[in-house]
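Overview (structure and organization)
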Amino acid sequence: MSKKFFIVLGFFGIAFIAIAAFYTFYLISIRNYVPAPKVSISTMNGNVEFLVEVAKTQEEHAKGLMHRKSLKKTGGMLFVLDKPRTVNFWMKNTLIPLDMIFINENMKIVRIEYHAQPCPQGSSTCPFYSSTVPIKYVLEIGADLAKINNIEVGNDVVIYLVE
């Protein structure tokens, strides 16, 4: 057998190993893929989607979006309540203004607090933002995004959670 034959055979062997390694990595990554939780809101202009962090526990609710310097336009935080109730939110240690979207258990937006301001630095008082009616979820997104995306009271909401 010639030297040329072994070179070609070696080339194909290396190519086969590279393809097999890539395919194996691809299969592992698909199996470990977990889609991000998201909230989809039906508006008069179509659906608007936000990839969200989910806050379910009291500790997660208390921390919320504290100390964040920015928030992606397609990002937000979804607060999930254990049962429908009227809630008051405040923005202690929150650095950016937010829109708060209050959602009832029927997946309808019942109230929006536009451009909610963080607590003033060094102040002992902090404004509260109330749902005013029993709700099951609160979606916090960047300030003005509700108006920019034509999100309104009465819009339907779909929540995709990953368990």
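Each remark here, short or long, concerns the structure printed above.
Residues numbered from 1 in each chain as written. Predicted model: local features only at pLDDT ≥ 70, side-chain atom pairs only at ≥ 80, totals over all residues. Heavy atoms only, no water.

1. As for the pattern of salt bridges
The condition is simple: Each salt bridge in this description consists of a side-chain nitrogen of Lys or Arg and a carboxyl oxygen of Asp or Glu lying within 4 Å of one another. Relative accessible area decides the class of each residue, using a 1.4 Å probe on protein chains only: under 20% of the type maximum gives buried, over 50% gives exposed, and in between gives partly exposed.
A complete count under the given rule lists five salt bridges for this structure. Of the charged contacts in the structure, one is a salt bridge between Asp82 and Arg85, with a shortest N-O distance of 2.7 Å. Taking relative accessible area as the criterion, Asp82 reaches 62% and is therefore assigned exposed. Judged by its relative accessible area of 30%, Arg85 is partly exposed. The partner of Glu113 in a salt bridge is Arg111, with the nearest N and O atoms 2.7 Å apart.

2. Some remarks on the side chain of Ser40
Counted only if it meets this: A run of H or I in DSSP becomes a helix once it reaches four residues, and a run of E becomes a strand once it reaches two; helices and strands are each numbered from the N terminus. Working rule for contacts: check all heavy atoms of both residues, and any pair within 4.5 Å makes them a contact.
By the secondary structure assignment, Ser40 is in strand β1 (residues 38-43). For Ser40, a relative accessible area of 5% gives the class buried. Once you skip the residues sitting within four places of it in the chain, Ser40 turns out to touch Asn47, Val48, Glu49, Asp156, Val157, Val158 and Tyr160.

3. Section: the environment of Lys63
Within the secondary structure, Lys63 is located in helix α2 (residues 58-63). In sequence terms Lys63 and Thr94 are 31 residues apart; their C-alpha atoms lie 9.3 Å from each other.

4. Section: the pairing of β1
Selection criterion: Strand pairing is assigned whenever DSSP identifies at least 2 bridges connecting the two strands.
Relative to strand β2 (residues 46-55), β1 runs antiparallel, the two sharing six bridges. Looking across to β2, one finds that Lys38 is bridged to Leu51. Summarising the sheet, β1 and strand β9 (residues 157-160) pair through four bridges and their orientation is antiparallel. By the bridge assignment for β9, Ser40 is matched with Val158.

5. A look at unusual backbone geometry
Even without glycine at this site, Met107 takes up a positive phi of about 65°. Not every positive phi belongs to a glycine, and Asn150 is a case in point at roughly 55°. By the secondary structure assignment, Asn150 is in the loop between α3 (145-148) and β9. Given the relative accessible area of 22%, Asn150 is considered partly exposed.

6. Things to note about the sheet that holds strand β8 (residues 135-142)
Inclusion rule: Note on method: axes are straight lines fitted to C-alpha atoms, helices fitted across the in-contact stretch only, with angles between N-to-C directions ranging 0 to 180 degrees.
Spatially, β6-β5-β8-β3-β2-β1-β9 is the arrangement adopted by the seven strands of the open sheet, whose pairing is mixed. Each edge of the sheet is formed by a strand with only one pairing partner; in this case those strands are β6 (109-116) and β9. Here the average twist between neighbouring strands, direction ignored, is 25°. Two strands pair when backbone bridges link them, and strand β3 (residues 75-85) and β8 are joined in this way by five bridges, in the antiparallel orientation. Each bridged residue has a counterpart across the sheet, and for Met77 the counterpart in β8 is Glu140.

7. Things to note about the packing of aromatic side chains
Centre distance and the angle of the planes are the two values used to describe a pair of aromatic rings. Applicable threshold: Only the six-membered ring of Trp is used, alongside the rings of Phe and Tyr, when aromatic pairs are assigned; centres must lie within 6.5 Å, and planes under 30 degrees apart are stacked while those over 60 apart are edge-to-face, with the rest tilted. Charge-over-ring contacts are defined here by two conditions on Lys NZ or Arg CZ: a distance within 6 Å of the ring centre and an angle within 35 degrees of the ring normal.
Following the criterion strictly, the structure yields three aromatic pairs and no others. Between Phe79 and Phe89, the aromatic rings sit 5.0 Å apart at their centres with planes inclined by 90°, giving edge-to-face as the arrangement. Here Phe79, found in strand β3, pairs with Phe89, found in strand β4 (residues 88-89); they are 10 residues apart in sequence, far enough to count as distant. On the basis of relative accessibility, which here comes to 1%, the residue Phe79 falls in the buried class. Seen in terms of ring centroids, Trp90 and Phe128 are 5.8 Å apart; in terms of plane orientation they differ by 5°. Their pairing is stacked. Within this pair, whereas Trp90 is found in the loop between β4 and β5 (98-103), its partner Phe128 is found in the loop between β6 and β7 (129-130), the two being separated by 38 residues in sequence. Trp90 sits in the partly exposed class, given a relative accessible area of 44%. With relative accessibility at 54%, the residue Phe128 sits in the exposed group. Feature note: the residues Phe79, Phe89 and Phe102 constitute an aromatic cluster, connected by ring pairs. Positioned above the aromatic ring of Tyr160, the side-chain terminus of Lys38 is 5.1 Å from the ring centre. Sitting over the face of the ring of Tyr114, Lys147 holds its NZ or CZ atom 4.8 Å from the ring centroid.

By themselves, these observations are geometric and do not establish any function.
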